[in-house]
Amino acid sequence: SVNGLSGLSYLPGYFSRAAQETLLEQIRAVVARAPFYRPAMPRTGKAFTVRMSNCGPLGWVSDVSGYRYQPHHPDSGNPWPAMPALLTNLWKDLAPEAPDPEACLINYYENTARMGLHQDRDEQTFEAPVISVSLGDTATFRVGGLSRKDPTKSFRLQSGDVVVLGGEARLAFHGIDRVLAGTSTLLKNGGRINLTLRRVTQPM
Ligand code: MD3
Ligand code: FE
């Protein structure tokens, strides 16, 4: 457990290099149809340093009016591309009891990008886990507790690593402190991609 929270499982090296390359090809095909955009913070409109896209029936977006899930790309208005089978298979493997995933948020970090400490609470249900896949350069990420003031622990997420955030860990504060340039050869131009698979709506 991390900070006494159950439900965080860290699966280093879940994807082989060959599987990472296959997954990356599938993500490239998604991003060709749903290009990375730069989200903005609610109220202030300040730009994120992370660029984002999505696949699956719903995608997470942020702009000056708030955070939400929606079925279309914020710039083009096109529906998000389907989720690649490798990702739906990953969900079935690691969350066999959970209803099908509805959103895969694709975060792209250039080497100076960061993600501040936050909770993932824009979903209508927290019963299903969030499943994270890291590709490319290693990142230092931080996980705390259910209060922003709780102590945090740092971990390194490497290319091919998977993290399952279920149970109490589902609502833990977390963030990405930095990306360590030159730590992976997977992405030609460096940087890091993180995929997070989520259930958004309450199943019937
Ligand atoms: C979820 N992404 O997209 S994923 C996000 O690496 C996000 O891009 C980060 O936070 C990234 O919302 C982290 C891994 C992660 C770690 C701890 C969590 C996801 C978590 C704790 C609770 C819920
Ligand atoms: Fe998050």
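Residues numbered from 1 in each chain as written. Chains lettered and ligands numbered in written order. Predicted model: local features only at pLDDT ≥ 70, side-chain atom pairs only at ≥ 80, totals over all residues.

The name given to the protein chain in an unreviewed UniProt entry is Alkylated DNA repair protein (DNA oxidative demethylase), with Roseibium marinum as the source organism.

Quick notes on the overall build of the protein chain
Looking only at helices and strands, the protein chain features 2 helices and 12 strands. Listed by position from the N terminus, the elements making up the protein chain come as β-α-β-β-β-α-β-β-β-β-β-β-β-β. Whereas a compact globule of 204 residues would reach a radius of gyration of roughly 17 Å, the protein chain reaches 16 Å, a difference of no more than 12%. Structurally, the protein chain occupies a C-alpha span of about 45 × 40 × 40 Å along its principal axes. Going through the 204 residues of the protein chain one by one, you find that 35% of them count as buried. Long-range contacts, defined as pairs at least 24 residues apart, comprise 76% of the intrachain contacts of the protein chain with a sequence gap of at least 6. (Helix = DSSP H or I, 4+ residues; strand = E, 2+ residues; numbered from the N terminus. Rg over C-alpha atoms; globule rule 2.2 N^0.38 Å. Buried ≥ 20, exposed ≤ 12 C-beta atoms within 10 Å, placed from the backbone. Contact = placed C-beta atoms within 7 Å.)

Concerning the site of ligand 1
Neighbouring ligand 1 are 17 residues, the closest being Asn107, Ser132, Leu165, His174 and Asn194. Every element with two or more residues in the shell around ligand 1 is listed here: strand 5 (103–109), strand 7 (130–136), strand 8 (139–143), strand 10 (162–165), strand 11 (174–179) and strand 12 (192–198). Along the lines of polarity and charge, the residues of the shell around ligand 1 split into 10 nonpolar, 5 polar and 2 charged. (Near = placed C-beta within 6 Å. Nonpolar A, V, L, I, M, F, W, Y, C, P; charged D, E, K, R; others polar.)

Observations regarding the sheet that holds strand 8
Judged by pairing direction, the sheet is antiparallel, and its 4 strands sit side by side in the order 6-11-8-9 without closing on themselves. A single partner strand is all that each edge strand has here, and the edge strands are strand 6 (115–118) and strand 9 (153–157). In this sheet, neighbouring strand axes are inclined to one another by 25° on average, regardless of whether the strands run parallel or antiparallel. For strand 8 and strand 11, the ladder comprises 5 bridges, and the chain directions are antiparallel. Of the residues in strand 11, the one forming a bridge with arginine 142 is glycine 175. (Pairing = 2+ DSSP bridges. Axes fitted to C-alpha atoms, helices over the stretch in contact; angles between N-to-C directions.)

Here's the deal with the pairing of strand 7
Most of strand 7 sits inside the fold, with 7 of its 7 residues counted as buried. Both strand 7 and strand 10 contribute to a ladder of 4 bridges, which runs antiparallel. Paired with valine 133 across the two strands is valine 162, which belongs to strand 10. Here strand 7 runs beside strand 12; their pairing, made up of 6 bridges, is antiparallel. Each bridged residue has a counterpart across the sheet, and for valine 133 the counterpart in strand 12 is leucine 195.

Looking at the UniProt feature "binding site: Fe cation" (unreviewed entry) in the protein chain
Per the UniProt entry, the sites bearing "binding site: Fe cation" (unreviewed entry) are His118, Asp120 and His174 in this numbering. Across 57 residues of sequence, these annotated residues stay compact in space, with a maximum C-alpha separation of 8.8 Å. Within the secondary structure, aspartate 120 sits in the loop between strand 6 and strand 7. Since 18 C-beta atoms lie within 10 Å of it, aspartate 120 is described here as partly exposed. Within the fold, histidine 174 resides in strand 11. Histidine 174 has contacts with Leu117, Phe141, Arg142, Val143 and Gly144, leaving out every residue within four places of it along the chain. (UniProt positions renumbered as here; feature names shortened; annotations may be inferred.)

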